[in-house]
Amino acid sequence: MQTKLSAGNSTLNKVKEPAVVLIHGFAENNQIWEQQQAYLSEQFYVIAPDLPGSGQTPLTEPLSIESMADFVHSILLADGIESAVIIGHSMGGYVALALAEKYPAMVKGLGLFHSTAAPDSEEKKEGRLKSINIIRQYGGEAFIRQALPNMFSPVYKQQHPEQVDAYVTMGMQCPQASLITYYHAMINRPDRTAVLSSLQVPVLFVIGKDDTAVPLKGVLPQVSMPYTSSIHIFPETGHMGMWEVPEASNGLLQEFILFCQQY
């Protein structure tokens, strides 16, 4: 786990509540949030954990979206944090929703960064099962090389091949067993759209217009469910807004966190 605090130890007690938690997605680790950590840590107490099976955290089985939410919750408790703005990217958004469902008092605000509260469709489940078979047959690295470049918009892939390569390199650090376990966890997760309706705190939706992993048309019906929603649609952006449009992502996260503090 990597934790960054606000600049200057004298301000620590002032900014620790609410904390900000940045949860990475499938085949990622906490480095996916590196630019956001650097920016937000100047003002907030930021925690960016490696989920079990990623980065510096070993895989623990059986693993589920719910057990990963418990893992994040245990970090907050150990750090003496009573409330936090929880931001999750993709699979990290599923974890954030599970945490909000199980520990609503802990959540000061919820951010779905290219994520959804809806369960997998049957077609999506079949696609994930096919991916598991590919990983088992050809190995995790071969799968990562083929799949992860598609997380970016066509324009970004053409203009920033070095960033796409860096993302693939990060993905190849994720063990094969973790990739398979994450897929099963995502397949088995329930519908959590009711969580959006029940939350009494602001909910942030970050959507990429060119996102093929979590398409715009699938998320739009959810944005009216929370009592208070903040919606941002990035044009010419795929599934990786924190990399594709980092400055805009930093700014909207800062704005959302400040809003949650005052809500």
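All values derive from a computational prediction rather than experimental measurement.

Engineer: Just to check I follow, could you spell out the overall build of the protein chain for this structure?
Structural biologist: Across its full length, the protein chain carries 13 helices and 7 strands. The C-alpha atoms of the protein chain give a radius of gyration of 17 Å, which matches the 18 Å a tight globule of 263 residues would have. Taken along the three principal axes of its C-alpha coordinates, the protein chain extends 50 × 35 × 35 Å. Considering only contacts in the protein chain between residues 6 or more positions apart, those separated by 24 or more positions represent 78%. Surface exposure of the protein chain reaches about 11400 Å², of which carbon and sulfur atoms provide 52%. Charge centroids of the protein chain, computed over 16 positive and 25 negative side chains, lie 4 Å from each other.

Engineer: Could you clarify how one ought to interpret unusual backbone geometry in this entry?
Structural biologist: Excluding glycine, residues mostly have negative phi values, and the peptide bonds linking residues are mostly trans. In the segment running from E61 into P62, the intervening peptide bond is cis, with an omega of 0 degrees. Mapped onto the fold, P62 is located in the loop between β3 (46-48) and α3 (65-78). Positive phi, close to 60 degrees, is recorded for A27, a residue that is not glycine. Positive phi is not limited to glycine here, since E236 has a value of about 50 degrees. Note on placement: E236 falls in the loop between β7 (229-234) and α12 (241-244).

Engineer: Would you mind showing me how to read the packing of α3 against helix α4 (residues 91-102) here?
Structural biologist: Geometrically, a packed helix pair is captured by the angle between its two axes and the distance between the axes. Running from N to C, α3 and α4 cross one another at 75 degrees; their axes reach a closest spacing of 8 Å. Relative to α4, the element α3 is oriented roughly perpendicular. In contact with I65, E66, M68, A69, D70, V72 and H73 of α3, α4 contributes M91, Y94, V95, A98, L99 and K102. Residue composition of the contact of α3 with α4, grouped by class: 9 nonpolar, 1 polar and 3 charged.

Engineer: Just to check I follow, could you spell out the nonpolar core for this structure?
Structural biologist: One recurring pattern in soluble globular proteins: nonpolar side chains tend to sit buried together. In this structure, F26, I65, M68, I86, M91 and L110 are the most contacted members of the largest nonpolar core, which totals 83 residues. In contact with L110, not counting residues within four places along its chain, are I86, A96, L97, L196, L199, P202, V203, L204 and F256.

Engineer: What is the right way to look at the packing of helix α5 (residues 122-138) against helix α6 (residues 140-147) in this model?
Structural biologist: At a closest axis distance of 7 Å, the pairing of α5 and α6 adopts a crossing angle of 130 degrees. By the angle class used here, α5 and α6 are oblique. On α6, the residues touching S131, I134, I135 and Y138 of α5 are G140, A142 and F143.

Engineer: Help me understand the pattern of salt bridges, please; the structure alone is not making it clear to me.
Structural biologist: When the charged atoms of two side chains with opposite charge come close together, those side chains can pair. By the definition in use, this model includes 6 salt bridges. Residue R192 pairs with E101 through a salt bridge whose shortest N-O separation is 2.8 Å. Here R192 is found in the loop between α9 (176-187) and α10 (193-198), whereas its partner E101 is found in helix α4, with 91 residues between them in sequence. A network of salt bridges, in which partner residues are shared, links E66, E101 and R192.

Engineer: Looking at this structure, I do not really get the confidence of the model for the protein chain. What am I missing?
Structural biologist: Detailed reading of the predicted coordinates is not advisable wherever pLDDT falls low. Summing up the model confidence of the protein chain, the mean pLDDT is 93 and the portion of residues at 70 or higher is 94%. Note on residues 1-15: pLDDT is under 50 here. Beyond four places in sequence and across chains, it has 35 contacts.

Engineer: So what exactly am I meant to see when it comes to the packing of aromatic side chains here?
Structural biologist: Given two aromatic rings, their pairing is described by the distance between the two centres and the angle made by the two planes. Using the criterion set out here, one finds 8 aromatic pairs in the structure. Note on F26 and Y182: the rings are 6.4 Å apart at their centroids and 75 degrees apart in plane angle, and the pair reads as edge-to-face. Of this pair, F26 sits in the loop between β2 (19-23) and α2 (34-40) while Y182 sits in helix α9, and the two are 156 residues apart along the sequence. The class for F26 is buried, based on a relative accessible area of 13%. Note on F152 and Y167: the rings are 5.4 Å apart at their centroids and 90 degrees apart in plane angle, and the pair reads as edge-to-face.

Engineer: What should I look at first to understand the pairing of strand β4 (residues 84-89) in this one?
Structural biologist: Moving residue by residue along a regular strand, the side chains alternate between the two faces of the sheet. With 6 of its 6 residues buried, β4 lies for the most part within the structure. Judged by which residues are buried, β4 turns out to be covered on both faces: A84, I86 and G88 on one side and V85, I87 and H89 on the other are all buried. For β2 and β4, the ladder comprises 5 bridges, and the chain directions are parallel. When the bridges of β4 are listed, I23 appears paired with G88. One ladder, built from 6 bridges, connects β4 with strand β5 (residues 107-113); its direction is parallel. Bridge pairing in β5 links G88 to L112. Handedness of the crossover joining β4 and β5 through α4: right-handed.

Conventions and cut-offs
- Residues numbered from 1 in each chain as written.
- Predicted model: local features only at pLDDT ≥ 70, side-chain atom pairs only at ≥ 80, totals over all residues.
- Heavy atoms only, no water.
- Helix = DSSP H or I, 4+ residues; strand = E, 2+ residues; numbered from the N terminus.
- Rg over C-alpha atoms; globule rule 2.2 N^0.38 Å.
- Contact = heavy atoms within 4.5 Å.
- Areas by Shrake-Rupley, 256 points an atom, 1.4 Å probe, with all protein chains shown as cover.
- Lys, Arg positive; Asp, Glu negative; His and termini not counted.
- Charge placed at Lys NZ, Arg CZ, Asp CG, Glu CD.
- Axes fitted to C-alpha atoms, helices over the stretch in contact; angles between N-to-C directions.
- Parallel < 35°, antiparallel > 145°, perpendicular 65-115°, else oblique.
- Nonpolar A, V, L, I, M, F, W, Y, C, P; charged D, E, K, R; others polar.
- Core = buried A, V, L, I, M, F, W, Y, C linked by side-chain atoms within 4.5 Å.
- Buried < 20%, exposed > 50% of the residue type's maximum accessible area, 1.4 Å probe, protein only.
- Salt bridge = Lys/Arg side-chain N within 4 Å of Asp/Glu carboxyl O.
- pLDDT = per-residue confidence, 0-100.
- Phe/Tyr/Trp six-rings, centres within 6.5 Å; stacked < 30°, edge-to-face > 60°.
- Pairing = 2+ DSSP bridges.
- Right-handed = clockwise from strand over helix to strand, strands pointing away.

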